[in-house]
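Next come the chains, spelled out residue by residue.
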2 protein chains.
Amino acid sequence: MKSICAVEGVDAAGIKEGKFGLALIRAGGTAAGVFTSNRVRAAPVEVMMDRMRRGTLDAVVVNSGCANAYTGERGYRDAVEMCGIAAGALDLDPASVGVASTGVIGRYLDLSLIRDQCGRVAPLLTRSAGAEDAAARAIMTTDTFPKHALVRTESFAVGGITKGSGMIAPNMGTMLAFLYTDAEVPAPVLHDILRQAARRSFNRVVVDGDTSTNDVALCTATGAAGRVDRDELARAVETVCRDLAVQIARDGEGATKLLAVTVRGAPDEDAAAEVARTVVASPLVKTAVYGEDPNWGRVVAAAGRAGVAFDPYAVSLSVGEDAGRTPLVLRGEIVADLAGAKAAMRGDTVAFDLDLAAGDGKATAWGCDLTEKYVEINGKYTT
Amino acid sequence: MKSICAVEGVDAAGIKEGKFGLALIRAGGTAAGVFTSNRVRAAPVEVMMDRMRRGTLDAVVVNSGCANAYTGERGYRDAVEMCGIAAGALDLDPASVGVASTGVIGRYLDLSLIRDQCGRVAPLLTRSAGAEDAAARAIMTTDTFPKHALVRTESFAVGGITKGSGMIAPNMGTMLAFLYTDAEVPAPVLHDILRQAARRSFNRVVVDGDTSTNDVALCTATGAAGRVDRDELARAVETVCRDLAVQIARDGEGATKLLAVTVRGAPDEDAAAEVARTVVASPLVKTAVYGEDPNWGRVVAAAGRAGVAFDPYAVSLSVGEDAGRTPLVLRGEIVADLAGAKAAMRGDTVAFDLDLAAGDGKATAWGCDLTEKYVEINGKYTT
């Protein structure tokens, strides 16, 4: 098992029928969530936020194909009803069942389909590699591969699945992540840990800069492994979130390369993250990465408009990972060996490292290249 | 004459030789400028900002092909030298000559080419339709057409030329705009007028969200027409700036359509502008415009992440201009007639009108669609 079912106390199941998928994950425990910052929030997000007030969950039900977003009061009632359907199938209190949706915006849920799928998925619930993969596949929309992550320590495990390839796709969108741990942890602590981890992972992924109406990251702690060291748990949750976030970036619509931008020497971590995100989101940087063009001027120019103070003639910039790293600018001096730099951009991961020489803040952001395929996927589709 | 030479007291000339162009514009008067907000500012921008302290100018010299950006102290000396060369050719005080550059970042100016071109351009200075067009063409980089604008009132004229098709092109970039008026106006007043006009025009154009290191908008007032009504002048300057800004958006790299997004009913004008800019910059909206897809969910979702408070279920949205306008959402109710909406997107201008029902603020932003051609222009080029 490579994600959620590796965590004691977690059963999963899912089916995907054409565009319409449904996943059930049963795991009782304390729970915390982080949600989209978009002011247009989908109905299931509103319901899930209500559920989080209790700080515990027994299960979640997730559908793909319809986002139940921009659907007003009827959408809210439908999301509550979807919890009720899942609760009935699992013999649980509806108030202890969370809900998430991803898919087309502005359409109502097909509750009879949800009811039908739920009835068929519930008997499949089990703890196995096949079950966690079925759940991960059930929530995919334009994703090209299911996304799993797992950290095991001596005393506990944290596993997660996610979906998303930008806010995206012909009208689809949404990043959903479901994490589980067997650590015993109070809901408010879990919330702090998850929020911090999301800030350093999901919030540093930019595929196209659009924030979905349905984004949710959820963590449930079953407690089966007993109490654990808080810092160790926080590190594990952050590692799982980062692993999932990088998979989302790599699976960005039309992407051929993962783009990883590390900014160091910023006034603080938030400033570093802001600069890294701005560079990763720049269409000019993204197209240069696609073309394997070591066009370092675009990286520096994008950094310059991020709203963070630094001296352009003090910065250092390199491209490539580890041993293959090639310097482009050294404390303001252009040292680019363009042939070497081009070679460093040839793989399926392009990493820039930018030192602003303005402090100790450091952060990495992830994205992907911008290709004709992205335009094709999003432009040629017709509602 | 359709731009700067329609203004009394303005002579122009220019040549374009392959990628390398040079324009001279001679016009004595009070002067004001607005400059890039990018922290990485090109040398000619630094020099021009120095020049503006005096509040008067006698001429400007502009080259295309080399941005003289990220060139350090040598770049600054070169920009000053470029002013000196132009001043010599025109028999003017070097401190009264402004300078601007556009082109590749990270390369030094070829001063012997500048000197040679300046020597050949200076004798051509004259006030004619051919001269203003030669100047407008000399400063083009990836622009596909020269950009002119003119407003004449009973008492004065305001004319301008500009270049820019985003921050961009294979390493190129930069919006440059040169406005002239024969109104008599003190430099500080001219500066207020220009800043306000730029805020409502150039600052509301988004081709790809990248801010150049070299952006400059400059206005010189020759005073030949005497004193004029301040509000009337402000309106004329704003109209010329908006006309030029829309031309820049329409000439966005790879663009097939102009995208105009008007947001009304915002808490104030700045909030309206922020929402409009966010929608215009959204890759999902831009690709939908390219595909003539009336995917209104993307417009509402982009508005929702602009950081402005509104009730998603109170908004109204329509697409199309004037008589061809088709409602999509009416006070939160989906009323989209998709066939009609698709028809409204068929022309070379796609206009969305979004009413947030949250106040009286109104603003329009301009951009263009995102096409495979944009990716090709920016990705397939190799440094």
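Residues numbered from 1 in each chain as written. Chains lettered and ligands numbered in written order. Predicted model: local features only at pLDDT ≥ 70, side-chain atom pairs only at ≥ 80, totals over all residues. Heavy atoms only, no water.

An unreviewed UniProt entry annotates chain A as Glutamate N-acetyltransferase of Methanoculleus palmolei. For the record of chain A, the UniProt heading Subcellular location (unreviewed entry) holds the text "Cytoplasm". (UniProt positions renumbered as here; feature names shortened; annotations may be inferred.)

*Asks:* Help me understand unusual backbone geometry, please; the structure alone is not making it clear to me.
*Replies:* Generally, phi is negative for residues other than glycine and the peptide bonds are trans, each holding for most cases. Residues other than glycine seldom take positive phi values, yet Asn68 of chain A does so here, at roughly 50 degrees. With respect to the secondary-structure elements, Asn68 of chain A resides in the loop between β3 (56-66) and α2 (72-90). Even without a glycine there, the phi angle at Ala357 of chain B is positive, about 55 degrees. Along the chain, Ala357 of chain B turns up in the loop between β14 (349-355) and β15 (361-368). Looking at Ala357 of chain B, the relative accessible area reads 51%, which means it is exposed. (Helix = DSSP H or I, 4+ residues; strand = E, 2+ residues; numbered from the N terminus. Buried < 20%, exposed > 50% of the residue type's maximum accessible area, 1.4 Å probe, protein only.)

*Asks:* How do you make sense of the sheet that holds β15 of chain B when you look at a structure like this?
*Replies:* The pairing of strands in a sheet comes from backbone hydrogen bonds and takes either a parallel or an antiparallel form. Residues and elements named next belong to chain B. The strand order across the open sheet formed by seven strands is β8-β15-β10-β14-β11-β12-β13, and the pairing between neighbours is mixed. The sheet is open, and its two edges are formed by β8 (205-206) and β13 (333-334), each paired on a single side. Summarising the sheet, strand β10 (residues 258-266) and β15 pair through seven bridges and their orientation is antiparallel. Each residue of the ladder has a partner; that of Val261, found in β15, is Ala365. (Pairing = 2+ DSSP bridges.)

*Asks:* When you look at the pattern of salt bridges in this model, what are you seeing that I'm missing?
*Replies:* Oppositely charged side chains can form a pair if their charged atoms are brought close together. Residues and elements named next belong to chain B. The final tally for this structure, using the stated rule, is 46 salt bridges over all chains. With its nearest N and O atoms 3.5 Å apart, the salt bridge here joins Glu238 to Arg242. One end of the pair, Glu238, and the other, Arg242, are both in helix α6 (residues 230-250), four residues apart, so they sit about a helical turn from each other. For Arg242, a relative accessible area of 32% corresponds to the partly exposed category. (Salt bridge = Lys/Arg side-chain N within 4 Å of Asp/Glu carboxyl O.)

*Asks:* Which parts of the structure should I look at to understand the domain arrangement of chain A?
*Replies:* Frequently, the measure chosen for interface size is the accessible area removed from exposure when the parts meet. All names here are of chain A. Taken domain by domain, chain A holds domain 1 (4-250) and domain 2 (258-379). A straight line from the C-alpha centre of domain 1 to that of domain 2 covers 32 Å. If you sort the residues of domain 1 by the area they bury against domain 2, Arg204, Val206 and Arg250 come out on top, with a joint share of 45%. The interface formed by domain 1 and domain 2 holds four salt bridges in total. Of the charged contacts in the structure, one is a salt bridge between Glu269 and Arg200, with a shortest N-O distance of 2.7 Å. At the junction of domain 1 and domain 2, the tally comes to four residue pairs in polar contact (both at pLDDT 80 or more). Where the side of domain 1 that touches domain 2 is concerned, the elements lending two or more residues are β8 (205-206) and α6 (230-250). Per element, the largest residue contribution to the side of domain 1 that touches domain 2 is four residues, and it comes from α6. Considered class by class, the residues forming the side of domain 1 that touches domain 2 number eight nonpolar, two polar and six charged. (Domains from an automatic or database assignment. Buried area = accessible area lost by both parts, 1.4 Å probe. Polar contact = N/O pair within 3.5 Å; in protein donor to acceptor, adjacent residues only side chain to side chain. Nonpolar A, V, L, I, M, F, W, Y, C, P; charged D, E, K, R; others polar.)

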